[in-house]
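# What the coordinates show
Single-letter residue listing:
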Amino acid sequence: MKILVTGGAGFIGSHLCDHLAGLGHELVILDDLSTGALANIRHLLPSRAVRFVPGSILDPATVDECTRGVDLVFHLAAAVGVNNIVDHPLRSLRINLHGTENVVQAAVRHGARYAIASTSEVYGKNDADRLDENADRILGSPLKSRWSYAAAKGLDELIATENSRATGVPCVILRFFNVVGPRQTGQYGMVVPRFVAQALAGEPITVHGDGTQRRCFGSVHDVIPAMTALLDTPEAFGTAVNLGGQEETSILGLAERIRELTGSAAGIRLVPYQEAYGPGFEDMRRRMPDLTLAGRLIGYRPQYRLDDIIKTVIDDQAR
Ligand code: UDP
């Protein structure tokens, strides 16, 4: 097949491109290299089956040209990372709303099945035991730019499903829960690569708040095959599916685990949210996926435990 991957030079996107290229597919990679990096896909570029287009999803003509003759679209290009969203709220909104609309409209125009990346952020402050795909969203005030990411991604899901319903072109929504792995950078806030970098450098590990907030980290290596399987599963069309891991940890517990696994003598520094993200920041206390639907649809069972996931990041950064 010929497949377009937007954001294909990013963390998840580049792993997906590796997977798809390995299966013998022809690839178009559209990426503006804003948070992605050429280094993530350089090894793929010599292949005649791979075309890299350094462009923006905000440019409808580029998106349309990239989508022509394509069978599948994986739309992963987005403004990501809490730091990035808080520092550049308007730019992030434009990319996540207008960019997605451009990609989805091109996909339906060319009759290409499409998957779009969403996020556990859409659940907002709902800290239920396990968040299933129909769980309520609890968002803070739209006056707080922290919530703009959750708001935009919620609308992205509607743009995807309503265009699909109106045209009959199938789509799937992938709701990622804190996906982690090699090539992820801590530069935009993501906690695991950031803690690993701090531990390896012997610098204090910066735990925000009191560190009792909880997350459940998933491996990119578990998630990638699930992405392609879902776009091949008619029962998944028109719906959202949670993808991630199953082992919950507090962020303080994560810092301690990373310190141990790196053998680092780094200290742990508690940083008030205000200092980390500016005044009025609200964090999510807890975020646990219910993975029942992915299990039922494609037999999804995450294989990587938290320690394995951390080790893949340590190996990547220690190289
Ligand atoms: N976090 C932290 N120190 C950091 C970066 C993040 O304690 O240097 C915390 C952050 O406040 C949040 C958790 O780690 O509670 C996960 O943050 P991340 O940005 O990786 O993902 P998300 O907030 O989207 O779950």
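Up top is the structure these notes are about.
Attention in this report is confined to the structure presented alongside it. (Residues numbered from 1 in each chain as written. Predicted model: local features only at pLDDT ≥ 70, side-chain atom pairs only at ≥ 80, totals over all residues. Heavy atoms only, no water.)

What follows concerns the sheet that holds strand β2 (residues 26–30). Strand order in the open sheet formed by seven strands is β3-β2-β1-β4-β5-β6-β11, with parallel pairing between adjacent strands. The open sheet terminates on both sides in strands that have one partner only, identified here as β3 (50–53) and β11 (240–243). Each adjacent strand pair in this sheet contributes to an overall mean axis angle of 20°, direction not counted. For strand β4 (residues 72–75) and strand β5 (residues 113–119), the ladder comprises four bridges, and the chain directions are parallel. Note on β5: the bridge partner recorded for Val-73 is Tyr-114. Across the sheet, helix α1 (residues 11–22) touches β1 (2–6), β2, β4 and β6 (171–176), and the angle it forms with β1 is around 170°. (Pairing = 2+ DSSP bridges. Helix = DSSP H or I, 4+ residues; strand = E, 2+ residues; numbered from the N terminus. Axes fitted to C-alpha atoms, helices over the stretch in contact; angles between N-to-C directions. Contact = heavy atoms within 4.5 Å.)

What follows is about the site of the ligand. Around the ligand, a shell composed of 18 residues is seen, among which Arg-194, Thr-206, His-208, Arg-215 and Asp-283 lie nearest. At 2.7 Å from an oxygen atom of the ligand is found a main-chain nitrogen or oxygen belonging to His-208. For the ligand, an oxygen atom lies 2.6 Å from a polar atom in the side chain of Asp-283. For the ligand, whose free accessible area comes to 520 Å², the fraction covered by protein is 94%. Going through the elements one at a time, α6 (191–201), β8 (205–208) and α9 (273–277) are the ones with two or more residues in the shell around the ligand. Considering only residue class, the shell around the ligand consists of eight nonpolar, five polar and five charged. (Near = heavy atom within 4 Å. Polar contact = N/O pair within 3.5 Å; in protein donor to acceptor, adjacent residues only side chain to side chain. Areas by Shrake-Rupley, 256 points an atom, 1.4 Å probe, with all protein chains shown as cover. Nonpolar A, V, L, I, M, F, W, Y, C, P; charged D, E, K, R; others polar.)

A few words now on α1. Spanning twelve residues, α1 covers 17 Å between terminal C-alpha atoms, matching the ideal 16 Å at 1.5 Å per step. Looking at the buried side of α1, the elements it contacts are β1, β2, β4, β6, β7 (179–180) and α7 (220–230). The first or second residue beyond α1 is Gly-24, which carries a positive phi of 90°. (Expected span 1.5 Å × (residues − 1).)

Counting 37 residues, the largest nonpolar core has Ile-12, Phe-74, Phe-176, Met-227 and Leu-243 as the members making the most contacts within it. At six residues, α7 tops the list of elements feeding residues into this core. Residues within four places of Phe-74 in sequence aside, it is in contact with Ile-3, Leu-4, Val-5, Thr-6, Leu-16, Leu-20, Ala-115, Met-227, Thr-228 and Leu-231. Within the second largest apolar cluster, 25 residues are counted, among which are Val-104, Ile-116, Ala-160 and Ala-240. (Core = buried A, V, L, I, M, F, W, Y, C linked by side-chain atoms within 4.5 Å. Buried < 20%, exposed > 50% of the residue type's maximum accessible area, 1.4 Å probe, protein only.)

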